[in-house]
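# Observations on the three-dimensional arrangement
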Amino acid sequence: MMWLELLVVLVCIFVGARLGGIALGTVAGIGLVVLVFLFGLPPGMPPRTVLGMILAVITAAATMQAAGGLDYLVVIADRMLRIWPAGITLVAPVIAYVFTFAAGTGHIIYALLPVIAEVSRKAGVRPERPLSIATIASQQAITASPISAATVALLGLLAPAGVPLQSILLICIPSTLLGSLLGAVAVMWKGPELKDDPIYQDRLARGLIEEPALGAIMEGKNLMCARGSVITFLVAAALVVGLGLFPRMRPTYPVSAAGQESVEQVEMAPAIMIVMLAAAGINMLVFEASPVKTVKGSIMNAGMVAMISIAGLGWLGSSFFEGNRSFIIHSISRMVQLHSWVFAVGLFALSVLLASQAATVVTLMPVGIALGLGSPVLIAVFPAVNGYFFLPTYATLLAAISFDQTGSTHIGKYILNHSFMIPGIVATVSSVVIGFLITKVVF
């Protein structure tokens, strides 16, 4: 029966991934009906704590966008990229990494892509190089950002075992950043130069290359609100990191149970929710983040898609795993414990199907915990959830292709030989390997 139940899970993942968007979560609901009502499996539990943290973080980021903070960050990025145009293949992924790390969402790359494409073309650098690795770096940074949905999800799963936020950051920040830089080196000389590219020269001759439209200039009150919203969000993010690094900063409160008094400390999950919701409130009250613009913005839209997907998939995965826990653990525990890299391959493969780091974490990381892999291994393989570049169907990849007017960033004839494959493989494999090396030192 387990194989039929697994087939139900895989079919739901495949169909949901093909439909895209919230279908990952809603189709999973159909799978839950089949598993619980027809096969008699336990219903499991949706990842409520993870969903609460993601909701709070996304709300704070969305209010920053509504106040103009995202546009302000793009202006800063534009100035930074123009400092060394010839070195944009190295500069662009660093900026994309830093921005995603600070914002907690890779969707900020949409605003950076046209800037990268324009600066690289004018510098005579093949846009495929910085665009491809910048897109990959924005994914890698998600598994290092303390406020991303994926990191929050992993922290929520590992916190009961006493794993603090700093352990995740200590391994994942250097591993993913170095992995992204190695990915940049891998594409430094990829493809012909623009002056020798026949496709670009043909487009240039036919007048198909247009100058990008300039964004609106911020000034006065709009500029003040945009800056203030960015500062508020970054201060909240820094406070979240501080609460994780220094647990004594989290307040305590008295608890009375069965006639006995005790003192407990605010856990990390509710602390993240409180700080981020407060930041969202400040952005609305002080920096005029419109509630209507907040819920209609791209960040809130992407966040809601992620939450619905995580709720459905996490619940479906929980039901399947709890119903077959003994068999699964007994069958694969020895192989995974002897070769922990096998689990990394599993994370990568699932992320290709789910196209979501957080959903992959919620679905498969509990299996790793049950197998007794240990927190060092689970943190080291965490960047393996960045596999959704493998198929060139994700929105950020398609956006990078569309913003490159030269035609150098492309999907290959055989689909998998696309512009993002080499930097993606190099960055992901390097991040996992470096993560294992760091765990040898740290743990």
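A short tour of the structure in this document, coming up.

## Looking at the side chain of threonine 439
- With respect to the element layout, threonine 439 can be found in helix H20 (residues 421-442).
- The exposure class assigned to threonine 439 is buried, which follows from its relative accessible area of 8%.
- Dropping the residues within four chain positions of it, threonine 439 is found in contact with Ile171, Pro376 and Ala380.

## Notes on the environment of glycine 407
- You can see glycine 407 is positioned in the loop between helix H19 (395-403) and H20.
- The class for glycine 407 is buried, based on a relative accessible area of 15%.
- A sequence separation of ten residues divides glycine 407 from asparagine 417, and the C-alpha atoms of the two residues are 15 Å apart.

## A few points about the packing of helix H14 (residues 298-323) against helix H17 (residues 357-370)
- The contact between H14 and H17 brings their axes to 8 Å, and the two run at 20°. Here H14 lies roughly parallel to H17, going by the angle between them. Handedness of the crossing formed by H14 with H17: right-handed. Residues Ile310, Leu313, Gly314 and Phe321 of H14 form the contact with H17, whose participating residues are Ala358, Ala359, Val362, Thr363, Pro366, Val367 and Ala370.

## Examining the environment of tyrosine 394
- You can see tyrosine 394 is positioned in the loop between helix H18 (375-380) and H19.
- Judged by its relative accessible area of 18%, tyrosine 394 falls in the buried class.
- C-alpha separation for the pair tyrosine 394 and valine 11, spaced 383 residues apart in sequence, amounts to 20 Å.

Conventions used here
- Residues numbered from 1 in each chain as written.
- Predicted model: local features only at pLDDT ≥ 70, side-chain atom pairs only at ≥ 80, totals over all residues.
- Heavy atoms only, no water.
- Helix = DSSP H or I, 4+ residues; strand = E, 2+ residues; numbered from the N terminus.
- Buried < 20%, exposed > 50% of the residue type's maximum accessible area, 1.4 Å probe, protein only.
- Contact = heavy atoms within 4.5 Å.
- Axes fitted to C-alpha atoms, helices over the stretch in contact; angles between N-to-C directions.
- Parallel < 35°, antiparallel > 145°, perpendicular 65-115°, else oblique.
- Left-handed = near helix turned anticlockwise from the far one by under 90°.

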